[in-house]
Each structure stands twice: as C-alpha cells, then as structure tokens.
Amino acid sequence: MKNFVSIFAPFVALVFFTACSDSDQYLYNEEDSVALQIHAEMTRTYEIESAESWDDQYPCIDNCSPQVKPSRVRADTVTSKDTLIFIGEITPNRQAHYREYYWTLDGEDFSNDMNFRKPVTKPGYHEICFVVTDHYGDTLRDTLKLWVSNPPVIESQGLIPAIGSQGLSPKEGITFAWHGYDPDSISKVFYKFEIQEPRGIRYTDDRNPKLYTVSHSILDTLIDTPYFTYWEDPGSYHQLENLKFYTWSVRAVNEFGQKSDSLIQGNFFTKGIRNEGGIQTFIRFSNESLYDRYYSNYHGKIHLDIQDSLSNLVVEHEIGLDTNQFVVSPLKPGKYKIIASLPKLTDFVPDTADATVLPGEIAIADTLRLLDTIPPSNKYLTPEGLLQDTDSLDFRDTLRFYFEDHGGDLRQEVLWNGQELRGYDRRNTLYSDDHTSDTILITLPKSYRSWTYQLLSISAYDYSGNLNSKTYVIRPSFERPEPESSSSSAKSSSSAGGKDD
Amino acid sequence: MWHRHPVFTRSHLLSVAVTAFLLVACLDIPDTPEPKNTASHVTVYSVQKGNSDSTSLKIHPENPATLKAEVRPKDLESELRFSWYRDTLLGEGASFKIPAYPEEDEIPNRLVVKDSEGNSVSSDFEITVNSPPTFTEDFFPAQGDTLYGTTHTPFTFSWKAYDNEDASLDYILELDTTLYYVGALEKIQQSGLQSGTHLFLVIVKDSEGDTDTLPPVKFYVVDTLEAKK
C-alpha cells in the first residue's frame with residue numbers, strides 16, 4: 001500500500017493538474033507556427049451580380065474600356081435599404097490555424113459566419129470588425145468603416161413663391177423657400193438651386209418619345225440653406241428681365257453625395273415697368289412631334305397676330321415650331337385677341353384666344369390648338385406627267401404616285417396583294433421644296449406580271465396621323481394561258497384539222 | 001529489526017498539499033457580493049416655472065431655476081450629502097436654486113454625492129442659459145389689413161424677432177394651415193391667395209430650440225379682377 005501511494009500520488013496530482021490546465025493548446029507544433037493573416041471586405045449585392053454577368057457575356061478583348069469589377073471596399077457609404085455582403089478571409093485558411101472567428105458591429109455581435117449578407121439599417125458611422133482567434137489564443141482584428149445615410153428629402157409642398165406668381169421684382173429681391181432636410185439628422189444638406197428661362201421644346205426620337213423643355217440657365221448655384229433671395233445684379237451677364245416667364249428648381253444633396261429622390265420645380269413672372277403687362281399662351285399641335293426642330297426649317301414658324309379690342313394689329317410675332325409657350329410683352333392693360341397660324345402648313349386651322357391684360361401682370365391665355373384633320377391626297381402620275389384620279393391601272397415596270405399634303409411630312413405604306421411591298425423605289429428627290437408634295441416610284445419586278453387582276457394598296461399618313469388609304473386594281477398583263485389539256489386537244493384538233501386539209 | 005514506516009510520510013503529505021492547492025487554484029468561485037449602501041448613479045435636472053429639463057439642462061435667465069439631483073437607489077437620498085460646485089462649493093442639499101439673471105460663477109457644474117461611510121459619486125454637467133427669441137410688433141400685414149390683387153399677386157409678409165444669443169433664427173410661416181419653412185428669411189412674397197379672410201402666424205426657433213409664436217394675424221384679400229366684373 002505504501003508503495004502504491006508513494007508511486008501513484010504524484011501521478012494523480014499530475015493528472016488533476018493537467019486536467020485543470022489546457023497545456024495541449026500550448027504544445028509547439030511546427031505546422032502551427034505559420035503567421036496567420038486576416039482580411040475583411042464588403043460589397044453591395046448588385047455589384048457582384050452585375051459584374052459576374054458582364055464578365056461572362058462581354059469579355060474585354062482588345063482596346064476596350066475596363067470592365068466593372070465587383071467593388072470590394074473597406075469603407076463605404078450606403079443607405080439603410082442597401083444589402084451588404086461581408087467577406088472575411090483567413091490566410092492560410094486551414095482550420096488548424098485558428099480557433100474561432102466572428103464579426104462585430106460597433107462592438108456588438110453581428111455574425112458568426114465567415115461571409116454573410118446583411119443590411120446595416122441604423123444611420124450613422126459604424127465599425128464592423130472581423131475577429132479571429134488564432135491557435136495560440138491571440139486575437140486578430142480587421143475593421144471596416146461604414147456610413148449609413150439616407151438621401152435628403154425635399155418636399156414638393158409649401159413652396160415660395162407659389163407656382164404662377166406674378167410681378168416679382170429682382171430689384172426688391174425675389175425670395176425662394178422650400179422644405180428640405182436630412183431624415184437621419186447626421187449630414188449637412190446642400191441645395192442645387194437653378195433659375196432658368198424656357199427657350200423651346202424638343203421631341204425625343206427614342207423608343208419612348210416625349211417632350212422636354214430646353215432652357216437657358218440664368219442662375220445655377222449650390223447653397224447650404226433651404227431658401228434663397230435673388231437680387232438684381234446689373235454687372236451679371238445673365239439676369240432676369242422684366243415681364244418674362246422663368247422656372248426654378250431645387251435638388252438636395254447631402255455630404256455623402258446622395259441626392260434627393262425628388263426635384264422641386266416652380267415658375268414665376270417678373271414685374272414690368274409701371275403698369276405694363278403681357279400675354280402668355282401655350283401652343284399645341286395635332287402631333288406634338290411637330291415640335292421637333294429638325295422639321296421646323298421646312299415647316300416655317302408659328303405666326304402670331306395680337307389684336308386689340310378694336311381688331312387693330314398691335315403685335316406681329318413669329319416663334320419657332322420648337323416653342324410651345326411664349327410671352328408677348330410689354331402690352332398696355334386691356335383686352336386682346338391672339339391668332340396663331342402656320343402659314344406654311346395650311347392644313348392646320350388657325351386658332352384664337354382672348355386675354356385681358358391687367359396692370360403689371362401677364363395674362364395667361366387659353367392654349368392655342370393648331371389642328372390638322374385633312375388627309376393627304378393620292379393620285380396616279382402617268383408616264384406623260386399627268387395626274388389621274390383613277391383606281392385601275394395597267395401593269396408597268398414603274399408606277400408613279402403623287403401625294404399632296406399641307407400638314408407636314410408624309411409617310412407611305414405599300415401593299416401588293418395584301419403583302420408589304422419592300423424595296424419599292426421611293427424617290428425623295430421628287431419631294432417638293434416646301435415639303436407639301438411627294439412622289440413615289442414603285443418598281444414592280446417582272447415576276448409580278450399575271451393574267452389575273454392584282455391589288456396595289458397605298459396608305460399615306462401626314463404628320464398629324466391623317467390617313468388616305470387607296471387601293472389600285474392592276475389589270476392583267478397578259479391573257480390567261482390555256483390549260484395544257486385543252487391546248488393538247490387544240491393541237492390535236494388542229495392536227496385533225498390539218499388532216500382535214 | 002525492521003522499523004515500521006508510516007503509510008503517509010512527510011513527502012506524501014507535501015504532494016497532497018500541493019495537489020490540493022493546485023486544485024483550489026483551479027476553482028473559480030466568485031466572491032460573495034457585498035451589499036451596497038451607497039448611491040450608484042446620480043443625475044441632475046433643471047426645473048423652471050414647473051417645467052423640468054433633464055436632457056439639455058437649459059434654463060431661461062429671466063426666471064429663477066432649481067437644479068435637482070436624483071440618485072439611485074432612490075431610498076438612499078435622505079442618507080446622502082449633496083455638494084454643488086463650480087470650482088468652489090456653491091451650496092449643499094438635494095436641490096440648488098439659481099437666481100434670475102445669474103452670473104456664470106453662480107451656476108454649478110459639478111455635483112458630488114457622499115454617504116456616511118465616505119463613498120462618493122459625482123456628476124459633471126453644464127447648464128445652458130438661453131433666452132428664447134421674441135417677436136417684435138413689427139410685422140406685415142397688420143391685424144385686419146386688406147390686400148388687393150389677384151390669385152397671382154405676390155403679397156408681402158414680413159416679421160421680426162430678436163434673440164440675445166442667436167444672430168440667425170429659424171422661422172416657420174403658417175399661412176391658412178399651410179406651413180412654409182422659410183429659414184432665416186424675415187420677408188417673403190407669396191401668391192395664390194383667394195378673395196376672402198386669411199390667417200397667418202409665424203413661429204421662431206433659436207439654435208437651442210426655444211421658440212416664440214407671433215399670434216395669428218387675420219387679414220383680408222379683395223380680388224381686383226373679380227371686383228371689376
């Protein structure tokens with residue numbers, strides 16, 4: 001017993017001691033001596049997706065702009081709606097080299113995954129830390145910096161001056177005010193304030209055509225207050241003129257460069273001298289693509305006559321087709337009649353509007369509507385150059401048709417027996433100088449010759465969409481061939497007749 | 001003759017003692033918590049004209065104010081000693097009275113709370129003395145005025161407020177229930193007013209959040225265009 005105790009007591013003590021300690025963690029292993037490195041990054045979801053698809057579909061081959069790569073960053077500014085992907089890397093990535101890893105957000109638990117997708121919604125500055133405990137119990141950290149901020153807000157209500165305000169004087173100072181703020185109260189908000197003079201209107205020719213206004217900038221500035229006072233500055237090149245129509249707009253942007261979703265827009269009229277006033281009116285066409293500047297040279301200009309109450313012509317004015325609103329000033333107070341017409345496009349019926357000019361104000365007249373309801377004419381042009389209003393034609397290699405319209409450019413569609421006839425020879429050189437008439441030449445291939453009646457349909461549209469659809473009957477170009485059986489019988493009868501001879 | 005050896009020799013006892021010591025060292029038995037009889041936390045808040053302010057500790061100089069201390073746990077308050085300092089001791093007690101229009105050295109910025117055993121807890125704070133802005137009688141249109149124009153006519157609205165501390169104040173104009181955030185502007189022109197009775201009032205706010213309101217002003221608009229009809 002004595003020997004047993006004396007031998008095993010130290011071992012028992014050693015076993016207990018070893019059990020209490022964690023010595024195996026500290027035993028030297030050459031493999032574990034590799035220096036551990038960690039790295040943390042973050043990226044936004046959509047950037048990865050878009051970049052992957054671009055790399056696959058549009059590889060850069062030669063002399064091309066660099067592809068957008070997933071932008072993994074270590075510091076960023078995002079909105080609370082953005083989803084972020086956090087990426088942790090441990091090198092060498094063998095589990096034998098580390099005990100655990102986790103992520104913290106501002107010191108609080110954030111995730112226990114190596115890589116994960118998660119939003120950070122609380123506005124403000126955050127530190128996201130990737131923490132790794134290595135085999136020896138040492139802690140390694142890599143910290144990402146993140147600002148969460150939502151775009152500034154700008155309200156469309158409560159604008160000063162109210163839309164359509166009259167008689168504002170730059171000499172007395174024109175005050176503008178709006179309600180803009182940072183919803184998170186963490187960033188200063190700046191405002192891009194502009195005053196513009198509308199100069200004309202354009203019609204986009206993309207797949208979703210729409211009108212947009214072309215303006216001349218009077219003032220374009222960045223301010224840090226949600227209000228602004230415009231004062232007349234005689235030394236300035238651009239300044240507000242008397243009795244004119246102007247627009248103003250504001251967009252908010254915060255210190256992170258985030259812009260407000262909405263843009264506020266207003267307009268106003270400036271004051272005249274003494275009691276002078278003016279008239280503003282808007283012009284609309286049957287087809288608003290007439291605003292397109294590319295056609296305005298052919299189609300002339302809008303002619304305006306402004307008559308007083310005694311029908312005396314007070315002002316004669318011409319504006320381009322690319323203008324949908326105009327202001328005529330100065331005018332003395334009184335009643336006026338505005339007559340708008342298109343002298344070069346006589347299919348458009350002139351329109352009139354009445355307006356009463358008050359002292360110091362610009363009267364807003366009703367919109368003048370210039371409408372064209374007259375379709376183009378369509379006539380056959382004989383080889384001798386005569387126009388024929390016919391609907392039956394002989395087959396010819398070339399057929400000529402003459403169209404006339406006084407409402408803008410023409411467009412034709414040609415059908416041969418109900419099928420679209422492509423490649424017909426349209427000679428635009430025969431377009432008249434004023435674009436009021438058009439002649440097309442239709443070249444028919446010989447294979448179209450037939451012993452049957454055939455149909456040639458021509459649809460002509462003017463700029464306002466008025467349609468003239470006409471179908472010509474093309475007479476047979478040769479006699480119906482005899483059926484083979486009858487011809488053989490004829491032959492036989494002929495031969496029989498020969499026999500008779 | 002054989003000597004009878006004891007089963008446990010001195011060396012055996014030593015081994016056991018060392019083992020026991022190591023085992024005890026491994027144990028992590030927490031100390032028994034001692035009951036605390038001292039304040040763990042103290043907060044200061046101000047009371048002026050019956051309104052308490054525990055966040056910005058703001059007082060208006062025009063009226064006397066009282067600073068009050070709140071300790072946790074609350075039942076210890078009667079056993080504690082409260083000392084109010086600003087460099088030197090200014091007073092004692094769970095509350096401290098600040099006179100109207102106080103000098104800077106009359107306003108404490110540190111409170112020390114001690115119990116009978118000498119344990120103490122302190123709180124450093126800063127009292128903001130701020131005068132609220134005040135509207136002058138200089139505003140337009142005046143009560144009962146009649147303005148002539150059309151709905152497009154921009155009518156002028158003006159007001160004026162002063163503040164002892166702030167050079168620039170923030171105004172909100174309320175015109176017929178519509179709010180206009182006009183910033184520091186003290187004069188604007190606004191149109192869109194129909195013929196009839198209208199109300200406008202202005203709220204001013206300084207950088208400390210103190211406000212004043214211009215009482216509602218009733219005025220009339222006569223549409224000159226309608227009048228001519």
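Looking only at helices and strands, chain B has two helices and 19 strands in total. Counting all 229 residues of chain B, 21% fall into the buried class. Considering only residue pairs separated by 6 or more positions, chain B has 63% of its internal contacts joining residues 24 or more positions apart.

Now for the overall build of chain A. The number of helices and strands found in chain A is four helices and 35 strands. The burial tally for chain A puts 24% of its 501 residues in the buried class. Considering only intrachain contacts with a sequence separation of at least 6, the fraction spanning at least 24 residues in chain A is 70%.

Before going further, it helps to spend a moment on the sheet that holds strand β2 (residues 75-78) of chain A. Residues and elements named next belong to chain A. Read from one edge to the other, the open sheet built from five strands follows the order β2-β8-β7-β4-β5, with strand pairing classed as mixed. Edge positions in the open sheet fall to β2 and β5 (108-111), since each of these has one partner strand only. Averaged over all pairs of adjacent strands, the angle between their axes in this sheet comes to 30°, without regard to strand direction. Alignment of strand β4 (residues 98-105) against strand β7 (residues 124-134), held across seven bridges, turns out to be antiparallel. Bridging across to β7, T104 finds its partner in C129.

Under the domain assignment used here, chain B contains domain 1 (41-129) and domain 2 (134-228). The distance between the C-alpha centroids of domain 1 of chain B and domain 2 of chain B comes to 41 Å.

Attention shifts here to the environment of A:S215. Residue and element names in this part refer to chain A. Structurally, S215 is set in strand β14 (residues 211-223). The partly exposed category is assigned to S215, around which 16 C-beta atoms lie within 10 Å. Measuring from C-alpha to C-alpha, the distance between S215 and I283 comes to 17 Å, with 68 residues separating the pair along the chain. If sequence neighbours within four positions are ignored, S215 has contacts with Q196, E197, P198, R199 and T247.

Two modes of strand pairing occur in sheets, parallel and antiparallel, and in both the strands are linked by backbone hydrogen bonds. All names here are of chain A. Pairing within the open sheet is antiparallel, and its four strands lie in the order β28-β27-β30-β33. Only two strands of the sheet have a single partner each, and these edge strands are β28 (387-388) and β33 (437-443). Here strand β27 (residues 377-381) runs beside strand β30 (residues 398-404); their pairing, made up of five bridges, is antiparallel. Residue pairing for β30: S377 is matched across the bridge by E404.

This next bit is on the environment of A:Y102. Relative to the elements of secondary structure, A:Y102 occurs in strand β4. Between the C-alpha atom of A:Y102 and that of A:Q325, which follows or precedes it by 223 residues, the distance is 64 Å.

A few words on the confidence of the model for chain B. Residues of chain B with pLDDT of at least 70 account for 80%, and the chain-wide mean is 85. Prediction confidence for the complex, expressed as pTM and ipTM, is 0.71 and 0.73 respectively.

Moving on: the pairing of strand β20 (residues 313-319) of chain A. Pairing analysis gives six bridges linking strand β19 (residues 302-308) of chain A to β20(A), with the strands arranged antiparallel. Looking at the pairing, A:I306 lines up with A:V315 of β20(A).

This part covers the environment of B:F125. Residues and elements named next belong to chain B. Here F125 shows up in the loop between β9 (120-124) and β10 (128-129). When the 14 C-beta atoms within 10 Å are taken as the criterion, F125 is described as partly exposed. Sequence separation of F125 and T213 is 88 residues, and the distance between their C-alpha atoms is 30 Å.

The next point concerns the nonpolar core. Of all hydrophobic cores here, the largest spans 68 residues; its most connected members are A:A177, A:I279, A:I338, B:L173 and B:V182. Setting aside residues no more than four positions away along its own chain, A:I338 makes contact with A:I279, A:T281, A:L304, A:I306, A:T352, A:A353, A:A355, A:A365 and A:L368.

For the rest of this paragraph, the subject is the confidence of the model for chain A. Residue and element names in this part refer to chain A. For chain A, mean pLDDT is 81; residues scoring 70 or higher make up 77% of the total. Every residue in residues 48-68 scores below 50 in pLDDT, and together they form twelve contacts with partners more than four places removed in sequence or on other chains. Predicted confidence for residues 487-501 stays below pLDDT 50, and this span has two contacts to residues more than four positions away or in other chains.

Our next topic: unusual backbone geometry. Here the amide bond leading from A:I160 into A:P161 is cis, since omega sits at 0°, within 30 degrees of zero. Inspection of the secondary structure puts A:P161 in the loop between β9 (153-154) and β10 (165-168). With an omega of 0°, the peptide bond between B:F140 and B:P141 qualifies as cis. Of note, B:P141 is situated in the loop between β11 (134-135) and β12 (146-149). With phi around 55°, A:S185 is a residue other than glycine that occupies positive phi space. Note that A:S185 resides in the loop between β12 (180-181) and β13 (189-203). Located in the positive-phi region is B:K49, a residue other than glycine, with phi close to 50°. Structurally, B:K49 is set in the loop between β1 (41-48) and β2 (51-53).

Parameters at a glance
- Residues numbered from 1 in each chain as written.
- Chains lettered and ligands numbered in written order.
- Predicted model: local features only at pLDDT ≥ 70, side-chain atom pairs only at ≥ 80, totals over all residues.
- Helix = DSSP H or I, 4+ residues; strand = E, 2+ residues; numbered from the N terminus.
- Buried ≥ 20, exposed ≤ 12 C-beta atoms within 10 Å, placed from the backbone.
- Contact = placed C-beta atoms within 7 Å.
- Pairing = 2+ DSSP bridges.
- Axes fitted to C-alpha atoms, helices over the stretch in contact; angles between N-to-C directions.
- Domains from an automatic or database assignment.
- pLDDT = per-residue confidence, 0-100.
- Core = buried A, V, L, I, M, F, W, Y, C linked by C-beta atoms within 7 Å.

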